[in-house]
Amino acid sequence: MFSQYSDVEAAINRVVEEEFLNGVFLSTLRDGGYTIPQIQYFAVQYSYYSRHFPRVLGAAISAMEPLDTWWVPLADNLWDEAGRGEEGKSHEQLYKSFLLSVYPDVQLDHRGIPTQPMSIAVRNAIDTFIKFFREATPLEAMAAVGLGSEMFAGTVMGDIANGLRHPNYGAPNLLFWDVHADEHEPRHYQLCKDILVQFKAPKELDVMFQVGLKIAKSEALMYAQLHEEMIQRA
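From a predicted model like this one, the values you see are computed outputs, not experimental measurements.

Enquirer: Explanation requested: the overall build of the protein in the structure shown.
Expert: When helices and strands are tallied, the protein shows nine helices and zero strands. Taken over the C-alpha trace, the protein has a radius of gyration of 17 Å; the compact-globule value for 234 residues is 17 Å, and the two agree within 12%. Across the 234 residues of the protein, 53% fall into the buried class. Total accessible area on the protein is roughly 10,700 Å²; 52% of this is exposed by carbon and sulfur atoms.

Enquirer: Looking at this model, I keep getting lost on the packing of aromatic side chains. Mind explaining?
Expert: For any pair of aromatic rings, geometry is given as the distance between the ring centres together with the angle between the planes. Taken as a whole, this structure holds 22 aromatic pairs when the rule is applied. Centroid distance F25 to F42: 4.9 Å. Interplanar angle 35°. Geometry classified as tilted. Placement of F25 in helix α2 (residues 24-30) and of F42 in helix α3 (residues 36-62) is noted, with a sequence separation of 17 residues between them. Judged by its relative accessible area of 1%, F42 falls in the buried class. With a centroid separation of 5.4 Å and 70° between ring planes, the pair formed by Y95 and F98 is classed as edge-to-face. Linking Y95 with F98, this pair stays in helix α5 (residues 91-102), spanning three residues, or about one helical turn.

Enquirer: I keep staring at helix α4 (residues 68-81) and nothing clicks. Help me out?
Expert: Every α-helix carries 3.6 residues per turn, so stepping three or four residues along brings you back to the same face. Here α4 spans 19 Å end to end across 14 residues, near enough to the 20 Å set by a 1.5 Å rise per residue. Inspection of α4 places W70, P73, L74, D76, N77, D80 and E81 among the buried residues, and these make up the whole buried set. Taken down its axis, α4 places every buried residue within 160° of arc, on the same side. Residues of α4 that are buried sit in contact with α3, α5, α7 (138-164) and α8 (175-196). At the C-terminal side of α4, G83 shows a positive phi close to 75°.

Enquirer: Help me understand the packing of α7 against helix α9 (residues 202-231) in this model?
Expert: Between α7 and α9, whose axes approach to 8 Å, the crossing angle comes to 45°. The angle between the axes of α7 and α9 places the two elements in the oblique class. Every pair of crossing elements has a handedness; the one defined by α7 and α9 is right-handed. Here α7 contributes L139, E140, A143, A144, L147, G148, S149, F152, V156 and I160 to the contact with α9, which in turn contributes E204, V207, M208, V211, G212, I215, A216, E219 and Y223. Broken down by class, the residue content of the contact of α7 with α9 amounts to 13 nonpolar, three polar and three charged.

Enquirer: When you look at the packing of α3 against α5 in this model, what are you seeing that I'm missing?
Expert: Packed helices, taken two at a time, are described by the angle between their axes plus the distance between the axes. Packing of α3 against α5 leaves a shortest axis separation of 9 Å and a crossing angle of 170°. Here α3 is positioned roughly antiparallel relative to α5, judged by the angle of their axes. Residues I36, I39, Q40, F42, A43, V44, Y46, S47 and R51 of α3 pack against E92, Y95, F98, L99 and V102 of α5. In the contact of α3 with α5, the residues fall into ten nonpolar, two polar and two charged.

Enquirer: Please clarify how the environment of R55 should be interpreted in this entry.
Expert: The topology assignment puts R55 in helix α3. Residue R55 is classed as partly exposed on the basis of its relative accessible area of 42%. Sequence separation between R55 and F129 is 74 residues, and the spatial gap between their C-alpha atoms is 9.5 Å. Apart from residues lying up to four places away in sequence, R55 is in contact with I126 and I130.

Enquirer: Just checking my understanding: could you explain the nonpolar core for this structure?
Expert: Within soluble globular proteins, side chains that are nonpolar tend to cluster in buried spots. Counting residues in hydrophobic clusters, the biggest one holds 82 residues, and the most contacted among them are F133, L147, I160 and W177. Per-element accounting of this core gives the leading share, 14 residues, to α7. Apart from residues lying up to four places away in sequence, L147 is in contact with Y5, V8, E9, I12, M142, F152, Y189, L196, M208 and G212.

Enquirer: Help me understand the pattern of salt bridges in this model?
Expert: In this structure the tally under the stated criterion is ten salt bridges. One salt bridge in this structure joins R165 and D178, with 2.7 Å as the shortest N-O distance. Remark: D178 occurs in helix α8 and R165 occurs in the loop between α7 and α8; sequence separation between them is 13 residues. Given a relative accessible area of 43%, R165 falls into the partly exposed group. If you follow the salt bridges from partner to partner, you end up with D76, D80, R84 and R187 in one network.

Enquirer: Quick question: what am I supposed to make of α7 here?
Expert: Counted at 1.5 Å a residue, the expected span for α7 with its 27 residues is 39 Å, and the 37 Å between its end C-alpha atoms agrees. Maximum bend of α7: about 55°, positioned at A153. With 23 of its 27 residues buried, α7 lies for the most part within the structure.

What counts as what
Throughout this description, residue numbers start from 1 for each chain and increase along the sequence as written. Per-residue local features of the predicted model are confined to residues with pLDDT of at least 70, and side-chain atom pairs are confined, for both listing and counting, to 80 or more; whole-chain, interface and lining totals are unaffected and use all residues. Side-chain numbers here rest on the full set of heavy atoms in the structure, without hydrogens or water. For the purposes of this entry, the term helix denotes a DSSP run of H or I that reaches at least four residues, the term strand denotes a run of E that reaches at least two, and both are numbered from the N terminus. Atoms counted for the radius of gyration: C-alpha only. Globule rule: 2.2 Å times residue count to the power 0.38. Burial classes: relative accessible area under 20% of the type maximum marks a residue as buried, over 50% as exposed, and values in between as partly exposed (1.4 Å probe, protein chains only). For the accessible areas, the method is Shrake-Rupley and the probe is 1.4 Å, while residue cover comes only from the protein chains on display. Only the six-membered ring of Trp is used, alongside the rings of Phe and Tyr, when aromatic pairs are assigned; centres must lie within 6.5 Å, and planes under 30 degrees apart are stacked while those over 60 apart are edge-to-face, with the rest tilted. Helices are assigned an expected span. That span is 1.5 Å times one less than the residue count. This arc describes the spread of directions from the helix axis toward the C-beta atoms. The contact rule is simple, with two residues in contact once any of their heavy atoms fall within 4.5 Å. In this analysis an axis means a line fitted to C-alpha atoms, helices contributing only their contacting stretch, and an angle means the value between N-to-C directions, from 0 to 180 degrees. For classification, angles of less than 35 degrees are called roughly parallel, those exceeding 145 degrees roughly antiparallel, those between 65 and 115 degrees roughly perpendicular, and all remaining angles oblique. Helix crossings fall into two classes, left-handed where the near helix is turned counterclockwise from the far one by less than a right angle and right-handed where it is turned clockwise. For this classification, Asp, Glu, Lys and Arg are treated as charged, while Ala, Val, Leu, Ile, Met, Phe, Trp, Tyr, Cys and Pro are nonpolar and the rest, including Gly, are polar. Joining through side-chain atoms within 4.5 Å is the link that ties buried Ala, Val, Leu, Ile, Met, Phe, Trp, Tyr and Cys residues into a set, and such a set is a nonpolar core. Between Lys or Arg on one side and Asp or Glu on the other, a salt bridge is scored when a side-chain nitrogen of the former is within 4 Å of a carboxyl oxygen of the latter. At every residue, the bend is computed as the angle between two fitted axes, covering the seven residues ending there and the seven beginning there respectively.

If you want it as structure tokens, here you go:
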């Protein structure tokens, strides 16, 4: 049983260390172990995850308390996804700069969506998130976004950026990854944390951990399954 919020963070960080940073995807990426076609496959599939994340935030907002202290932090996160109204700054456009740098001849439809279908690994990760919010309490929903994603997203995305700097991958445009790692994700987590730290009862702390663990493991599974799909490609 946890006695303070920092204990929950430490426990989630141990999961992140084991299942993300030392997981098969990031380990292989850092070692330069993927081929360019495999990196291109990842780039397409992660584009779907990124593209669907605003839906995740919208679903989370629907589970929030009808108080601005609860929904505004997630709305602020969602506004970042839209580039805060600045042309060319949306996350969709930032990601496209990365995608085209590693896969210049990727086939996109008239809306800019890849014609290659979404992986079941990515679909399951998105669906897990959205289905969770249908039954979640406001605290569970905030923990899912905060502890299950935003707390470690900057670390993971920064590690992806550093892995993609391996000479084997050329010199891709990493602005999307760097901006998230250095600026967006730490701020997004702080907005969630400002709410979460108000809950101090051991049972509440345990609920937050269990939710964070469930969502984090779902995302870790996505990366592991994408690795398996990638190594099946030339």
